[in-house]
There are 2 protein chains.
Amino acid sequence: MGTRASGPQPGSGRSGTIAAMGEFPLVAAVLSRLPSAEGVLLGPGDDAAVLAAPDSRVVASVDLLVDGVHFRRDWSSAEDVGHKAAAQNLADVAAMGARPTALLVGLAAPGDLAVDWVLGLADGLAAEAGRVDAAVVGGDVVSSERLVVSVTALGSLDGRAPVTRAGAKPGDVVAVTGRLGWSAAGFAVLSRGFRSPRALVAAHRRPEPPYAQGPRAAAHGATSMIDVSDGLVADLGHLAEASGVRVDVDSAALEVPDLLRDAAAALGRDPQEWLLTGGEDHALAATFPPLLGPPEGWTVVGRVGEGSGVRVDGAVVEGSGGWRHYGR
Amino acid sequence: MGTRASGPQPGSGRSGTIAAMGEFPLVAAVLSRLPSAEGVLLGPGDDAAVLAAPDSRVVASVDLLVDGVHFRRDWSSAEDVGHKAAAQNLADVAAMGARPTALLVGLAAPGDLAVDWVLGLADGLAAEAGRVDAAVVGGDVVSSERLVVSVTALGSLDGRAPVTRAGAKPGDVVAVTGRLGWSAAGFAVLSRGFRSPRALVAAHRRPEPPYAQGPRAAAHGATSMIDVSDGLVADLGHLAEASGVRVDVDSAALEVPDLLRDAAAALGRDPQEWLLTGGEDHALAATFPPLLGPPEGWTVVGRVGEGSGVRVDGAVVEGSGGWRHYGR
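Residues numbered from 1 in each chain as written. Chains lettered and ligands numbered in written order. Predicted model: local features only at pLDDT ≥ 70, side-chain atom pairs only at ≥ 80, totals over all residues.

### Let's talk about the overall build of chain A
Check the secondary structure of chain A and you find 10 helices and 13 strands. Referenced to the eigenvectors of the C-alpha coordinate spread, the extents of chain A come out at roughly 65 × 50 × 35 Å. The proportion of buried residues among the 328 residues of chain A is 60%. Within chain A, residue pairs in contact and separated by at least 24 positions form 85% of the contacts whose partners lie at least 6 positions apart. (Helix = DSSP H or I, 4+ residues; strand = E, 2+ residues; numbered from the N terminus. Buried ≥ 20, exposed ≤ 12 C-beta atoms within 10 Å, placed from the backbone. Contact = placed C-beta atoms within 7 Å.)

Written out as structure tokens, the structure is:
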């Protein structure tokens, strides 16, 4: 596939690079490392894969990660990037209240990329998917000057209704589960040239989304849910907009871990800013009816009201409170 | 989502560019242009989409297209690229014997890309998906110096068994449906700086895969099937390898359309080479039991035998007979 417009030429690659290995041997090497999983009816290697969709519905989401924008190869290993790419997509599926079942991965890569890097990426993707018993079932490898990883995640609602961003009602409580601000703190540490505290750096390299809490919240009766990828305030803003409500956050309910407090002090930063605006930990935020409250493992951090937007401690938050592409 | 490593800065974009518009308004503008379709239970705009999977299975495939490798913006309009990106993925689903139901699209794009280009891409994707009553149900837009389009296609087997590459048996007939060599001829025309014959140029810009023939062949009793994306000989080679058989092609059975014959004469090329090695038309190749033969609309072009590899008119074809990434 592909026109011949500007593909690499034969012999342009070095030994140990994907150009030297060639597309089909590379794909074969990757496939040999991918474990299967329950529900995979036909795995990778054909024109398409076939997955079980037990309740006759499938949940699907796609995200791209670009080298230098979403990860840095001098900061993260190939395995780290695989874990992170898988995590952010699996978290999207979990945020619908669904159980992730499979990943499909596209890799656009320069010909001089090391074969070992690609194999490490595959290992990281498969390992992260394995945390939720999902499998990597399809992929594509193409030539590009810029390294881009595309991940599509599929999942099953197992008979439940999807929990969208649009169901929050005035009076509902707002709750979160999973880490907030850890990845942002790790990013700040790495940006200053440090490699520790290791737990924060590790959190930036390999987020640990609370996957199981997505289906749990759905079964418990969540009225709305979102994956915290842009930052808590920004993503609650998306939820508020979709639901046509206002969200009030009580910052005192957000406990600042000692690790973040110490790192912030060392770097001259405000740890609360990390908690409120740091994305990429892929925590989950959801709303629940007031008499019900959230299930175990969630922390109530606010309340839904009439109106629009997000307020923190009563103050309107200007802007998105999180990072956006293209600087807006 | 995304670290802050090297994203564009505020104010770096020009008016009319996606950087100037910003991610969320851009996504909203794209979403407003996407029609829905039957089977879409929850469309784009949330963490993930929800699709019907009527027979409790879903078919899934992913492909990437890179600017300058798989398309050229000076040769193809944004709508063309959308049509082509959708077509190659929908064809992968059809080649399993499945009916395409949905696309998810990821776009990695430089900040100075025109908003109109992105909207044109979305229109092309939606229009091509609409040819098979499928919908674009999800997407992601991220910043990258190099324009990359990722398309994931989902489909339904509607109760049928998937038709893989691995089921061909000695004695089966080999048949094809759809155009062969048209896209390659159009590429040759464009490469020489011409813009006509328009039908060939159009075939290169917007392939017309015979989507409906995939499910039809499956229902008819195809033993194996593949999407012709790398070229007929190359893709029959993949089918032969997966099935553990040899494929013999009778080139006389491949009728050369006058249009291709004339264009080849004008360009000093061999039209048969286009038919045998040109990919990207996304024709379908399949095998059928000898007493059954193919359904209407298919042409028998060869036979399956014991052994391995592909022979054309009895001669072993060296190499892949088609184009591969990384020059191998």
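### Observations regarding the sheet that holds strand β2 (residues 49-52) of chain A
Strand pairing in a sheet is mediated by backbone hydrogen bonds. Such pairs are either parallel or antiparallel. Within the open sheet, the 6 strands sit side by side as β1(A)-β2(A)-β3(B)-β6(B)-β4(B)-β5(B). Their pairing is mixed. At either end of the open sheet lies a strand with only one pairing partner, and these are β1 (40-42) of chain A together with β5 (135-143) of chain B. For this sheet, the mean inter-axis angle between neighbouring strands, taken without regard to orientation, is 25°. With 9 bridges joining them, strand β4 (residues 99-109) of chain B and strand β6 (residues 148-156) of chain B adopt antiparallel strand pairing. (Pairing = 2+ DSSP bridges. Axes fitted to C-alpha atoms, helices over the stretch in contact; angles between N-to-C directions.)

### Brief notes about the nonpolar core
With 218 residues, the main nonpolar core has Leu90, Leu103 and Ala285 of chain A together with Leu90, Leu103 and Ala285 of chain B as its most contacted residues. In contact with alanine 285 of chain B, not counting residues within four places along its chain, are Val174, Val176, Ile226, Val228, Leu232, Asp235, Leu236 and Leu239 of chain B. (Core = buried A, V, L, I, M, F, W, Y, C linked by C-beta atoms within 7 Å.)

### Some words on unusual backbone geometry
Here the amide bond leading from serine 196 of chain A into proline 197 of chain A is cis, since omega sits at 5°, within 30 degrees of zero. The topology assignment puts proline 197 of chain A in the loop between α5 (182-191) and α6 (198-205). Unusually for a residue other than glycine, aspartate 133 of chain A sits at a positive phi of about 60°. A positive phi angle is found at histidine 282 of chain B, which is not glycine, with a value near 55°.

### Points about the domain arrangement of chain A
Residue and element names in this part refer to chain A. Segmenting chain A into domains produces domain 1 (18-156) and domain 2 (173-323). For domain 1 versus domain 2, the separation of C-alpha centres amounts to 26 Å. Taken together, the elements giving at least two residues each to the side of domain 1 that touches domain 2 come down to α3 (78-94) and β4 (99-109). Residue contributions to the side of domain 1 that touches domain 2 peak at 9 residues, all from α3. (Domains from an automatic or database assignment.)

### Regarding the pairing of strand β5 (residues 135-143) of chain A
For a regular strand, the rule is simple: side chains alternate between the two faces of the sheet. Residue and element names in this part refer to chain A. Within β5, 8 of the 9 residues are buried, which leaves it mostly tucked inside the rest of the structure. The pairing of β4 with β5 spans 8 bridges and is parallel. Looking at the pairing, leucine 107 lines up with valine 141 of β5.

### Describing the sheet that holds strand β12 (residues 309-312) of chain B
Sheet architecture is open: 7 strands sit in the order β8-β10-β7-β11-β9-β12-β13 (chain B), paired in mixed fashion. The sheet terminates laterally at β8 (224-228) and β13 (315-316) of chain B, the two strands that pair on one side only.

### Concerning the pairing of β12 of chain B
Residues and elements named next belong to chain B. Only one face of β12 is covered, namely the one carrying Val310 and Val312; the face carrying Gly309 and Arg311 has none of its residues buried. With 4 bridges joining them, strand β9 (residues 246-249) and β12 adopt parallel strand pairing. Residue pairing in the sheet places aspartate 248 in a bridge with arginine 311 of β12. Across 2 bridges, β12 lies against β13 in antiparallel orientation. The residue bridging arginine 311 from the neighbouring strand is valine 316, located in β13. The antiparallel hairpin formed by β12 and β13 contains 2 residues in its connecting segment, where aspartate 313 sits at a positive phi of about 55°.

### Re the packing of helix α3 (residues 78-94) of chain B against helix α4 (residues 115-130) of chain B
Residue and element names in this part refer to chain B. With their axes 6 Å apart at the nearest point, α3 and α4 run at an angle of 40° to one another. One element, α3, and the other, α4, form an angle in the oblique class. Where α3 crosses over α4, the handedness of that crossing is right-handed. Together, Ala78, Glu79, Asp80, Val81, Gly82, His83, Ala85, Ala86, Ala87 and Leu90 of α3 and Trp117, Gly120, Leu121, Ala122, Asp123, Gly124, Leu125, Ala127, Glu128 and Ala129 of α4 make up the contact between the two elements. Across the contact of α3 with α4, the residue classes tally to 12 nonpolar, 4 polar and 4 charged. (Parallel < 35°, antiparallel > 145°, perpendicular 65-115°, else oblique. Left-handed = near helix turned anticlockwise from the far one by under 90°. Nonpolar A, V, L, I, M, F, W, Y, C, P; charged D, E, K, R; others polar.)

### With respect to the packing of helix α2 (residues 23-31) of chain A against helix α4 (residues 115-130) of chain A
All names here are of chain A. Where α2 meets α4, the closest approach of the two axes is 9 Å, and the angle between their N-to-C directions is 35°. Every pair of crossing elements has a handedness; the one defined by α2 and α4 is right-handed. Mapping the contact onto sequence places Leu26, Ala29 and Val30 in α2 and Val115, Val118, Leu119 and Ala122 in α4. Along the lines of polarity and charge, the residues of the contact of α2 with α4 split into 7 nonpolar, no polar and no charged.

### Considerations on α6 of chain A
Among all positions in α6 of chain A, only Leu200, Val201, Ala203, His204 and Arg205 of chain A are buried. Residues of α6 of chain A that are buried make contact with α3, α5 and α9 (258-267) of chain A.

### Looking at the confidence of the model for chain A
Residue and element names in this part refer to chain A. Residues with a pLDDT of 70 or more make up 92% of chain A, whose mean pLDDT is 91. Residue range residues 1-14 is modelled with pLDDT below 50. Its contacts to residues more than four positions away, or to other chains, number 43 contacts. Low confidence marks residues 320-328, where pLDDT is under 50. Its contacts with residues over four positions away, or in another chain, come to 46 contacts. Interface predicted TM-score (ipTM) for the complex: 0.90; the corresponding pTM is 0.91. (pLDDT = per-residue confidence, 0-100.)

### Side note on the environment of glutamate 128 of chain A
Residue and element names in this part refer to chain A. You can see glutamate 128 is positioned in helix α4. The exposure class of glutamate 128 is buried, given the 28 C-beta atoms found within 10 Å. Note: C-alpha distance between glutamate 128 and glutamate 79 (49 residues apart in sequence) is 9.6 Å. Setting aside chain neighbours within four positions, we find glutamate 128 in contact with Gly82, His83, Ala86, Ala87 and Leu90.

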